[in-house]
Amino acid sequence: MSADLPGPGRREREARAETLVAAGPRGAPCWLSLTARDLEAAEGFYGDVLGWTFRPGGLGSTFSVAELDGVPVAGLGAMAAELAAPVAWTAYFRVDSADEAAARVRERGGTVGVGPVSYPPRGRAALVADRDGAGFGIWEGPVLAGWRVGGGGAPAWLELLTRDAFEAALFYGPVLQWAEDDPGSCVASYEDDQVVLRSGGEAVARLNSGPVEAAAEKSHERPRWLVHFRVPEVQEAQARALARGATEVPGPAGPGRAQVTLRDPQGALFTLDRPADETA
């Protein structure tokens, strides 16, 4: 990959020093990561569709950090050629101890796929799944400064599509230590048939019940965490995505929301979203 090609979707030549800060409230989303088979192609797609630029990350040449207006949005990593895992976006949640959180996942009927693994000097992480098979990550340690859900351009929010949102909350609450009586934790509440996760009073994730099946053949019909990326104009971004090889799939629809769920050319699901208060 040439480092001299200009424009969105291309890495900058110089890697910048990363500024790490303490992660936010316990149980809050703290990072997003895409594992792609072709890292350069993924950068080109999301750079064109979402206006991201890319710089080398601190984990080697097969990892980059996506930024929007200089603010970190997500990490993109190249999948090992011998792996048969699907290309997917993964949301990470902050925990005090990755090892203890992984143990809580197992105790409550979930599965631990990878880890916990150390990333010196940053922290520890694991890839896990809830009882219905929806995958997510847990992270112990500092995070990149400036990253957050809900602010600026992207990501707008996270959504769990599951069979029973209330039952899912009974799994995630103890695993991620959501608690109303602890100022250091996120708070989950049942609102309008959804479980809404709030960090510092701001909604950062929602758990929604829907027609999903763990054994479904198609990934968009299985329980899953879905990332919503905010864009100024959904239709314009959708057109760019389709022109670059994405396909539209059935996805969630909220009242008053302009949004569309897409599968990128390598198979990862994501949603373009213009929240209700920004929709004309």
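A.B. asks: Help me understand the overall build of the protein, please; the structure alone is not making it clear to me.
C.D. replies: Counting its regular elements, the protein contains four helices and 18 strands. Every one of the 280 residues in the protein was classed for burial, and the buried ones make up 49%. In the protein, the proportion of contacts linking residues at least 24 apart, taken out of those at least 6 apart, comes to 62%.

A.B. asks: Which parts of the structure should I look at to understand the packing of helix 2 (residues 98–107) against helix 3 (residues 165–176)?
C.D. replies: Two numbers describe a pair of packed helices, the interaxial angle and the distance between the axes. Interaxial distance between helix 2 and helix 3 falls to 9 Å at its minimum, and their mutual angle equals 155°. The angle between the axes of helix 2 and helix 3 places the two elements in the roughly antiparallel class. Judged by the sense of rotation from one axis to the other, the crossing of helix 2 with helix 3 is right-handed. In contact with A101, R104 and V105 of helix 2, helix 3 contributes F171, P174 and V175. Tallied by class, residues from the contact of helix 2 with helix 3 come to five nonpolar, no polar and one charged.

A.B. asks: Explain the nonpolar core to me, please; I cannot follow it from the model alone.
C.D. replies: One finds Y46, W52, W89, Y172, L207 and W225 to be the most contacted residues of the largest nonpolar core, which totals 74 residues. At seven residues, helix 3 tops the list of elements feeding residues into this core.

A.B. asks: For this particular structure, what's the right way to read the pairing of strand 18 (residues 269–274)?
C.D. replies: The side chains of a regular strand alternate, residue by residue, between the two faces of the sheet. Most of strand 18 sits inside the fold, with five of its six residues counted as buried. By the bridge criterion, six bridges tie strand 17 (residues 258–263) to strand 18 in an arrangement that is antiparallel. Opposite R263, over in strand 18, you have L269 as the bridge partner.

Thresholds, definitions, all that
Residues numbered from 1 in each chain as written. Predicted model: local features only at pLDDT ≥ 70, side-chain atom pairs only at ≥ 80, totals over all residues. Heavy atoms only, no water. Helix = DSSP H or I, 4+ residues; strand = E, 2+ residues; numbered from the N terminus. Buried < 20%, exposed > 50% of the residue type's maximum accessible area, 1.4 Å probe, protein only. Contact = heavy atoms within 4.5 Å. Axes fitted to C-alpha atoms, helices over the stretch in contact; angles between N-to-C directions. Parallel < 35°, antiparallel > 145°, perpendicular 65-115°, else oblique. Left-handed = near helix turned anticlockwise from the far one by under 90°. Nonpolar A, V, L, I, M, F, W, Y, C, P; charged D, E, K, R; others polar. Core = buried A, V, L, I, M, F, W, Y, C linked by side-chain atoms within 4.5 Å. Pairing = 2+ DSSP bridges.

That is the geometry; function is a separate question.
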